[in-house]
Amino acid sequence: MAGRPPKLLDREGLMNYAARALTSRALSLNELRDRLKRRAARKEDVPEVIAHLKEAGYLNDRKLADSFANWRRENQGFGKNRVMSDLMARRIAPAVAKQAVETAYAGVDEVALIENFLTRKYRGKNLGELLSEQKTLASAFRRLRGAGFSPGNSIRVLKRYAADADGLEEMGEVGETES
């Protein structure tokens with residue numbers, strides 16, 4: 001069943017649509033611009049609506065990036081690389097994203113963040129026993145890399161739990177050349 005195309009909106013309709021979109025979820029300038037372009041009856045209305053929202057303070061990529069980076073670190077325990085990648089996926093300007101991530105992670109001990117991440121992900125399990133299996137150890141390493149942690153610190157933490165963690169260094173080197 002094919003959906004019908006969205007109703008095209010005039011300038012006032014675009015303002016209302018943007019307001020509803022921004023109340024349901026914080027959007028980057030580029031995310032909102034794309035949404036508005038799909039709904040605009042006249043494409044020249046989009047820059048006017050964007051300018052009005054920026055002027056009114058409803059659209060601010062720097063504030064969005066700062067709060068997003070802090071939230072991902074504090075509430076989800078992700079590493080810098082993951083947060084940077086997520087900000088880029090939200091189409092935040094690279095310089096703005098980099099500054100937000102650097103600010104959010106200034107003075108943060110990545111090793112402690114990794115420890116907390118592992119404790120949360122493997123809640124109630126004995127990490128020493130669990131990570132003694134090579135398969136589980138490799139899986140934990142991939143999970144840490146996916147969460148945005150550096151290979152060096154990930155291996156350093158995993159070595160505390162598993163004697164076989166030395167084999168992960170080759171995986172870490174492969175991961176560094178890929179990223």
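In case you missed it, the structure is sitting above this.
Source: prediction; values computed, not measured.

### A few points about the packing of helix 1 (residues 11–24) against helix 2 (residues 29–39)
Axis separation between helix 1 and helix 2 bottoms out at 11 Å; the angle between their running directions is 140°. As judged from the angle between their axes, helix 1 and helix 2 are oblique. Two packed elements cross with a definite hand, and for helix 1 against helix 2 that hand is right-handed. Every residue of helix 2 that contacts helix 1 at Leu14, Tyr17, Ala18, Ala21 and Leu22 is listed here: Leu32, Arg35, Leu36 and Arg39. A per-class count over the contact of helix 1 with helix 2 returns seven nonpolar, no polar and two charged.

### Thoughts on the packing of aromatic side chains
Summed over all chains, the structure comprises two aromatic pairs. Each ring, one from Phe117 and one from Phe149, has its centre 5.5 Å from the other, and the planes form 65°; the classification is edge-to-face. Pair noted here: Phe117 is in helix 7 (residues 110–121) and Phe149 is in the loop between helix 9 (134–146) and helix 10 (151–161), with a separation of 32 residues, a long-range link. This pair shows no difference in class: Phe117 is buried, exactly as Phe149 is. A connected cluster of aromatic rings, assembled from ring pairs, spans Phe78, Phe117 and Phe149. Directly above the aromatic system of Tyr17 lies the positively charged group of Arg39, at a separation of 4.8 Å from the ring centroid. When the ring centre of Tyr122 is taken as reference, the NZ or CZ atom of Arg143 above it lies at 5.5 Å.

### A closer look at helix 3 (residues 45–55)
Among the residues of helix 3, Asp45, Val46, Val49, Ile50 and Leu53 are the ones counted as buried. Seen along its axis, helix 3 keeps its buried residues to an arc of 130°; they face one direction. Every exposed residue of helix 3 that faces more than 90 degrees away from the buried side is listed here: Pro47 and Glu55. Directly beyond the C-terminal end of helix 3, a positive phi value near 85° is found at Gly57.

### Some points on the pattern of salt bridges
Under the counting rule described, the total for this entry stands at eleven salt bridges. Close ionic contact of Arg42 with Asp45 constitutes a salt bridge, the shortest N to O distance being 3.0 Å. The salt bridge involving Glu115 is made with Arg160; its shortest N-O contact spans 2.4 Å. Here Glu115, found in helix 7, pairs with Arg160, found in helix 10; they are 45 residues apart in sequence, far enough to count as distant. Judged by relative accessible area, which is 52%, Arg160 ranks as exposed.

### Digging into the nonpolar core
Formed by 32 residues in total, the largest nonpolar core has its most connected members in Leu87, Leu118 and Leu158. Those elements that place two or more of their residues in this core are helix 4 (61–76), helix 5 (80–89), helix 6 (94–104), helix 7, helix 9 and helix 10. Core analysis: the second largest hydrophobic core is formed by 17 residues, Ala18, Leu27, Leu29 and Val49 among them.

What counts as what
Residues numbered from 1 in each chain as written. Predicted model: local features only at pLDDT ≥ 70, side-chain atom pairs only at ≥ 80, totals over all residues. Heavy atoms only, no water. Axes fitted to C-alpha atoms, helices over the stretch in contact; angles between N-to-C directions. Helix = DSSP H or I, 4+ residues; strand = E, 2+ residues; numbered from the N terminus. Parallel < 35°, antiparallel > 145°, perpendicular 65-115°, else oblique. Left-handed = near helix turned anticlockwise from the far one by under 90°. Contact = heavy atoms within 4.5 Å. Nonpolar A, V, L, I, M, F, W, Y, C, P; charged D, E, K, R; others polar. Phe/Tyr/Trp six-rings, centres within 6.5 Å; stacked < 30°, edge-to-face > 60°. Buried < 20%, exposed > 50% of the residue type's maximum accessible area, 1.4 Å probe, protein only. Lys NZ or Arg CZ within 6 Å of the ring centre and 35° of its normal. Arc of directions from axis to C-beta. Salt bridge = Lys/Arg side-chain N within 4 Å of Asp/Glu carboxyl O. Core = buried A, V, L, I, M, F, W, Y, C linked by side-chain atoms within 4.5 Å.

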